[in-house]
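Below, each chain spelled out in residue letters.
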Amino acid sequence: MSDRRRVVAFAGVVVAVYLFAVLAIQILASDELIEPDEFPESCLEESMDCAMIGPDSHRSGGLTELRFESSLGTVMAETGAWIDSEPRTNVLGEWPEHTHSVFRSLLWRFPDDFVVKGFCDQGDTVLHVYSESRLGISDLGVNKDRVLRFSTHMSSVEMATSECIEG
């Protein structure tokens, strides 16, 4: 066999292995919708593939909530706009007070769930945020960075001031 044929054969094997691996990842970590009444309460204590801003915060820079003096609809619309602006993202479910999307890594297409829950508290809109890898034991800091990037973005957006009213 000539050197050129060996190179072509090797390249074909590499591409086939890559495609098989990506397909296996998609099958092993298929989409399961997280509905509003299923919002996760916490990350596992020692988890290195999960980040949460909420009452039981985990890898969130100490944030326990995101609070806004704006309507729930306005805050959730801005949440959706941020999600839509992120690459390789797909919204699985969207409700007036909750959204579930999936972020995928560039090369291997590993899926991470990103869930945002909004509610009214004393006239303010409050958000809790959850982001977790579906496969593996570490996310190399990706979910923590995503949650903190979301928090920074939401804190920098100017939204119309109004009282939060549910329903």
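Up top is the structure.
Note that the coordinates shown come from a computational prediction; the quantities given were computed from them, not determined experimentally.

**Q** How should I be thinking about the environment of Ser-133 in this particular structure?
**A** By the element assignment, Ser-133 lies in strand β6 (residues 124-133). For Ser-133, a relative accessible area of 8% puts it in the buried group. The sequence separation of Ser-133 and Pro-111 amounts to 22 residues, and the corresponding C-alpha distance is 6.2 Å. Contact partners of Ser-133, with chain neighbours within four places excluded, come to Asp-49, Pro-111, Asp-112, Asp-139 and Asn-143.

**Q** What is the right way to look at the packing of aromatic side chains in this model?
**A** Two aromatic rings are characterised by how far apart their centres lie and by the angle between their planes. Taken as a whole and assessed by the stated rule, the structure comprises seven aromatic pairs. Both rings, one in Tyr-18 and one in Trp-108, keep their centres 5.2 Å apart while their planes meet at 50°; by these two values the pair is tilted. Residue Tyr-18 is located in helix α1 (residues 3-28), and its partner Trp-108 is located in the loop between β4 (98-104) and β5 (111-121); the two are separated by 90 residues in the primary sequence. Tyr-18 sits in the partly exposed class, given a relative accessible area of 28%.

**Q** What exactly am I supposed to notice about the pairing of strand β1 (residues 50-53) here?
**A** Within a regular strand, side chains alternate between the sheet's two faces. The alternating pattern of β1 places Cys-50 and Met-52 on one face and Ala-51 and Ile-53 on the opposite face, and all of these are buried. Inspection of the sheet shows β1 paired to β6 by four bridges, in the antiparallel sense. By the bridge assignment for β6, Cys-50 is matched with Glu-132.

**Q** Would you mind showing me how to read a nonpolar patch on the surface here?
**A** A contiguous nonpolar surface patch, about 400 Å² in accessible area, is contributed by Leu-106, Leu-107, Trp-108 and Phe-110. Relative to the helices and strands, Leu-106 resides in the loop between β4 and β5. By relative accessible area, which is 59% here, Leu-106 ends up exposed.

**Q** For this particular structure, what's the right way to read the state of the cysteines?
**A** Formally, a disulfide is one covalent bond, and it connects the sulfur atom of one cysteine to the sulfur atom of another. Applying the stated criterion to the full structure yields two disulfides. Two residues share a disulfide in this structure: Cys-43 and Cys-50, whose sulfurs sit 2.0 Å from each other. Taking the torsion about the sulfur-sulfur bond, which here is approximately -60°, the covalent link between Cys-43 and Cys-50 counts as left-handed. Both residues of the pair, Cys-43 and Cys-50, count as buried. Covalent S-S linkage joins Cys-120 and Cys-164, the inter-sulfur distance amounting to 1.9 Å. When the S-S torsion is -70°, as for the bridge of Cys-120 with Cys-164, the disulfide is left-handed. Of this pair, Cys-120 sits in strand β5 while Cys-164 sits in the segment after α3 (142-156), and the two are 44 residues apart along the sequence.

Cut-offs used in this document
- Residues numbered from 1 in each chain as written.
- Predicted model: local features only at pLDDT ≥ 70, side-chain atom pairs only at ≥ 80, totals over all residues.
- Heavy atoms only, no water.
- Helix = DSSP H or I, 4+ residues; strand = E, 2+ residues; numbered from the N terminus.
- Buried < 20%, exposed > 50% of the residue type's maximum accessible area, 1.4 Å probe, protein only.
- Contact = heavy atoms within 4.5 Å.
- Phe/Tyr/Trp six-rings, centres within 6.5 Å; stacked < 30°, edge-to-face > 60°.
- Pairing = 2+ DSSP bridges.
- Patch = residues over 30% accessible without salt bridge, like charges linked within 9 Å, V, L, I, M, F, W, Y side chains within 5 Å.
- Areas by Shrake-Rupley, 256 points an atom, 1.4 Å probe, with all protein chains shown as cover.
- Salt bridge = Lys/Arg side-chain N within 4 Å of Asp/Glu carboxyl O.
- Disulfide = S-S within 2.5 Å.

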